[in-house]
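Here's the letter readout for the chains.
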Amino acid sequence: MRFEACRVVVALDSNSHKIIGFAAMRPLDGLLYLDNISVRPSASGIGAKLLSAAIEHAESLGVQAVSLTTFREPPWNGPWFRKHGFLTMPGAYIGEGLKQVMDRQRVTLDATTRETLWRVLHD
């Protein structure tokens, strides 16, 4: 079994104090890799706040970009990230760690439905 340390940011409902969303991220190939961001459908706007927290963490680490893998569709996957400034990650910037993530995903996910994105913070 493989365990990796991630930084996890959790969003709580202000009334019930129940978890309504989270973002898990970790350093990978000198960038910050966003492993997962998940939000309850009823928690509108929380995803953007969690994404902002991930970007702020990346900036505090001094990394060049935030990278992620996602589905091209539905709208709350690839299109949502592109709306928030993410672009297709050029193959030349995909490091060995990210290639390993992509290889693992290909075991259970159709690679033609996936994309690798990044948001460059500074050059």
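Quick notes on the rules
Residues numbered from 1 in each chain as written. Predicted model: local features only at pLDDT ≥ 70, side-chain atom pairs only at ≥ 80, totals over all residues. Heavy atoms only, no water. Patch = residues over 30% accessible without salt bridge, like charges linked within 9 Å, V, L, I, M, F, W, Y side chains within 5 Å. Areas by Shrake-Rupley, 256 points an atom, 1.4 Å probe, with all protein chains shown as cover. Salt bridge = Lys/Arg side-chain N within 4 Å of Asp/Glu carboxyl O. Helix = DSSP H or I, 4+ residues; strand = E, 2+ residues; numbered from the N terminus. Buried < 20%, exposed > 50% of the residue type's maximum accessible area, 1.4 Å probe, protein only. Polar contact = N/O pair within 3.5 Å; in protein donor to acceptor, adjacent residues only side chain to side chain. Contact = heavy atoms within 4.5 Å. Phe/Tyr/Trp six-rings, centres within 6.5 Å; stacked < 30°, edge-to-face > 60°. Pairing = 2+ DSSP bridges. Right-handed = clockwise from strand over helix to strand, strands pointing away. Axes fitted to C-alpha atoms, helices over the stretch in contact; angles between N-to-C directions.

**Student:** Would you explain a nonpolar patch on the surface in this entry?
**Tutor:** Together, Val8, Val10, Leu12 and Ile19 give the surface a local cluster of nonpolar side chains, amounting to about 340 Å² of exposed area. Structurally, the position occupied by valine 8 is in strand 1 (residues 7-12). What makes valine 8 partly exposed here is its relative accessible area of 46%.

**Student:** Sorry if this is basic, but what is going on with the side chain of glutamate 115 here?
**Tutor:** With respect to the element layout, glutamate 115 can be found in strand 6 (residues 114-120). At 2.5 Å, the side chain of glutamate 115 and the side chain of arginine 82 are in polar contact. When near neighbours in sequence (up to four residues on either side) are disregarded, glutamate 115 contacts Leu68, Thr69, Thr70, Phe71, Arg72, Gly78 and Arg82.

**Student:** Where do I start with the packing of aromatic side chains in this structure?
**Tutor:** Applying the stated criterion to the full structure yields three aromatic pairs. Note on tryptophan 80 and phenylalanine 81: the rings are 5.0 Å apart at their centroids and 80° apart in plane angle, and the pair reads as edge-to-face. Residue tryptophan 80 shares its accessibility class with phenylalanine 81, and that shared class is buried. Arranged with centres 5.5 Å apart and planes meeting at 75°, the rings of phenylalanine 81 and phenylalanine 86 form a pair that is edge-to-face. Side by side, phenylalanine 81 and phenylalanine 86 carry an identical accessibility label, which is buried.

**Student:** Mind showing me how you'd approach the pairing of strand 3 (residues 31-39) here?
**Tutor:** Strand residues, when the strand is regular, have side chains that alternate between the two faces of the sheet. Note: strand 2 (residues 19-28) against strand 3, eight bridges, orientation antiparallel. Opposite alanine 23, over in strand 3, you have isoleucine 37 as the bridge partner. Taken together, strand 2 and the strand that follows it, strand 3, pair antiparallel across an intervening segment of two residues, in which aspartate 29 is found at a positive phi of about 55°. A crossover connection joins strand 3 to the parallel strand 4 (residues 65-71) through helix 1 (residues 46-61); in handedness this β-α-β unit is right-handed.

**Student:** Mind showing me how you'd approach unusual backbone geometry here?
**Tutor:** Across residues other than glycine, the phi torsion is negative in most instances, and most of the peptide bonds are trans. A cis amide bond links glutamate 73 with the next residue in sequence, proline 74, at an omega value of 5°. One can find proline 74 in the loop between strand 4 and helix 2 (78-83). In the Ramachandran plot, histidine 17 falls in the positive-phi region, its phi being about 65° despite a non-glycine side chain. Following the sequence through the fold, histidine 17 ends up in the loop between strand 1 and strand 2. What makes histidine 17 exposed here is its relative accessible area of 55%.

**Student:** Is there a simple way to think about the sheet that holds strand 5 (residues 87-88) in this case?
**Tutor:** Across the sheet, which stays open at both edges, the six strands sit in the order 1-2-3-4-6-5 with mixed pairing between neighbours. The open sheet has two free edges, formed respectively by strand 1 and strand 5, since each of these has just one partner strand. Pairing geometry for strand 1 and strand 2, over six bridges, is antiparallel. From the neighbouring strand, arginine 7 faces strand 2, where its bridge partner is methionine 25. Where helix 1 meets the sheet, its contacts fall on strand 1, strand 2, strand 3, strand 4 and strand 6, and the angle it forms with strand 3 comes to roughly 165°. Packing of helix 3 (residues 96-108) onto the sheet brings it into contact with strand 2, strand 3, strand 4 and strand 6, and relative to strand 2 it is tilted by some 130°.

In short, the description is geometric, and any link to function would need to be established separately.
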